[in-house]
Amino acid sequence: MAKQTKKQQVRAKLDSEKLYTVDEALATLRGHKSKFDETVEVAMNLGVDPRHADQMVRGMVSLPSGTGKEVRVAVFAKGDNAEKALAAGADKVGAEDLMEDMQNGNLDYDRVIATPDMMGVVGRLGKVLGPKGLMPNPKLGTVTPNVEQAVKDAKGGQVEFRVEKQGIIHSGIGKLSFKDEDLKKNFKALTEAIVKAKPAGAKGKYVRKVTLTSSMGPGLKVDLGEVEGA
């Protein structure tokens, strides 16, 4: 039998049924930290079936303490809007030239934003951007005349959440190097936004399980009492 590593030995002693407060979960994850700055992630199991349109859960939320990662933003805009997007920190701004660049496979972006007048151009990228979840969407604020603010929001800690086929939402809320208070603020902002996004078609218990983990750490069940409105 292979000898367990120290980390495996510690993990084996964890009670898989224990419900943690956010403070306890963060303290436990810090005890498992690796040599690199791991991302702290939240997984929420929801009582929805996203195959039905009236049970889709999707939205944007600004994490007050930021994400700790660099967000690459592309913007479809012309003229003054293009200049404003660049000034706000967009990594790439363009129109037909940007469309062609993306069609050629240059898709190293975390967010794609467009002004309404550019949607005729962006629409041709549906098969390219859609599968990656990058298609600009008015409901998410990524199709907007105010590209300056949209770029600042994306760069400043705004994240998108979207329920997966199994009814789970995964999202990072910062790095293990963040202070507990900052991670707790981000946890609260994310979970509150997901609770508020409860769709009309959701039946029965909406928030069924919440788990906190880090890139290399164990998954720890969070007491639902820590999630307001759950």
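Keep in mind that what you see is a predicted model, and the values were worked out from it rather than measured.

## Overview of the overall build of the protein chain
Assigned secondary structure in the protein chain consists of 8 helices and 9 strands. Projecting the C-alpha coordinates of the protein chain onto the three principal axes gives extents of approximately 60 × 45 × 35 Å. Scored against the burial criterion, the 230 residues of the protein chain give a buried share of 44%. In the protein chain, 72% of the contacts between residues at least 6 apart in sequence involve partners at least 24 apart. If you sum the accessible surface of the protein chain, you get close to 12300 Å²; carbon and sulfur atoms cover 48% of it.

## Focus: the pairing of strand β1 (residues 39-46)
Here β1 runs beside strand β7 (residues 168-175); their pairing, made up of 7 bridges, is antiparallel. Bridged to Thr 39 within β7 is Lys 175. Here β1 runs beside strand β8 (residues 207-214); their pairing, made up of 7 bridges, is antiparallel. Directly across from Val 40, in β8, lies its bridge partner Ser 214.

## Observations regarding the pattern of salt bridges
In the structure shown here, the tally under the stated rule is 13 salt bridges. The residue Arg 51 makes a salt bridge to Asp 49 at a minimum N-O spacing of 2.9 Å. Given the relative accessible area of 72%, Arg 51 is considered exposed. Measuring nitrogen to oxygen at the nearest pair gives 2.8 Å for the salt bridge that ties Glu 192 to Lys 188. Note that Glu 192 and Lys 188 are positioned in helix α8 (residues 180-196) at a spacing of 4 residues, about one turn of the helix. Assessed through its relative accessible area of 40%, Lys 188 is described here as partly exposed. Each of Arg 72, Asp 91, Asp 108 and Lys 155 takes part in one network of salt bridges that share partners.

## Quick notes on the packing of helix α2 (residues 22-30) against α8
Close contact between α2 and α8 brings their axes to 11 Å; oriented N to C, the two are set at 125°. Comparing the axis directions of α2 and α8 gives the class oblique. Taken as a pair, α2 and α8 cross one another with a handedness that is right-handed. Here Val 22, Asp 23, Leu 26 and Arg 30 of α2 lie close against α8, whose contacting residues are Asp 180, Leu 183, Lys 184 and Phe 187. Here the contact of α2 with α8 is built from residues that sort into 4 nonpolar, no polar and 4 charged.

## Some thoughts on the sheet that holds strand β3 (residues 73-76)
On the basis of which strands lie adjacent, the open sheet formed by 3 strands has the order β4-β3-β5 and parallel pairing. Of all strands in the sheet, those with a lone pairing partner are β4 (92-94) and β5 (111-114), marking the two edges. On average, each strand axis in the sheet is inclined to that of its neighbour by 15°, with strand direction left out of account. In this structure, β3 lies alongside β5, joined through 4 bridges in parallel fashion. When the sheet's bridge partners are listed, Phe 76 is paired in β5 with Ala 114.

## Regarding the nonpolar core
Counting residues in hydrophobic clusters, the biggest one holds 35 residues, and the most contacted among them are Leu 46, Phe 187 and Leu 212. Mapped onto this core, the elements with two or more residues apiece are α2, β1, β6 (158-162), β7, α8, β8 and β9 (220-222). Ranked by residue count, the leading element in this core is α8, at 7 residues. With residues up to four places along the chain from it excluded, the contact list for Leu 212 reads Val 22, Ala 25, Leu 29, Val 40, Glu 41, Val 42, Ile 173, Phe 187, Pro 218, Gly 219, Leu 220 and Val 222. Counting 16 residues, the second largest nonpolar core, distinct from the first, contains Met 99, Leu 107, Val 121 and Val 122.

## Notes on the sheet that holds β1
If you trace the 4 strands from one edge of the open sheet to the other, you get β7-β1-β8-β9, paired in antiparallel fashion. Strand pairing shows two members of the sheet lacking a second neighbour, β7 and β9, which therefore form its edges. Neighbour-to-neighbour, the strand axes of this sheet turn through a mean angle of 25°, independent of strand direction. Across the face of the sheet, α2 comes into contact with β1, β8 and β9 while running at roughly 30° to β8. Sheet contacts for α8: β1, β7, β8 and β9; angle to β7, the most-contacted strand, approximately 155°.

The rules we used
- Once a new chain begins, its residue numbering starts again from 1 and follows that chain's sequence as written.
- In keeping with the predicted nature of the model, local features appear solely for residues at pLDDT of at least 70, side-chain atom pairs appear and are counted solely at 80 or more, and the whole-chain, interface and lining totals rest on all residues.
- As a rule here, side-chain values cover all heavy atoms of the structure and leave hydrogens and water aside.
- Runs of E in the DSSP output that reach at least two residues are strands. Runs of H or I that reach at least four are helices, and both are numbered from the N terminus.
- Partly exposed residues are those whose accessible area sits between 20% and 50% of the maximum for their type, while under 20% is buried and over 50% is exposed, using a 1.4 Å probe and protein chains only.
- Contacts between residues were defined by any pair of non-hydrogen atoms, one from each residue, lying within 4.5 Å.
- A 1.4 Å probe and the Shrake-Rupley method give the accessible areas. Residues count as covered only by the protein chains that appear here.
- For two strands to be treated as a pair, DSSP must find at least two bridges joining them.
- By convention in these notes, a salt bridge is any Lys or Arg side-chain nitrogen within 4 Å of a carboxyl oxygen on Asp or Glu.
- Only C-alpha atoms enter the line fits that serve as axes; for helices the fit covers just the stretch in contact. Angles between N-to-C directions range over 0 to 180 degrees.
- If an angle is under 35 degrees, it is roughly parallel; if it is over 145, roughly antiparallel; if it lies from 65 to 115, roughly perpendicular; otherwise it is oblique.
- Each helix crossing is assigned a hand: it is left-handed if the near helix lies turned anticlockwise from the far helix by less than a right angle, otherwise right-handed if that turn is clockwise.
- Three residue categories are used. Nonpolar comprises Ala, Val, Leu, Ile, Met, Phe, Trp, Tyr, Cys and Pro, charged comprises Asp, Glu, Lys and Arg, and polar comprises the others, including Gly.
- Only buried residues count toward a nonpolar core, which is a set of Ala, Val, Leu, Ile, Met, Phe, Trp, Tyr and Cys residues joined through side-chain atoms within 4.5 Å.

In short, the description is geometric, and any link to function would need to be established separately.
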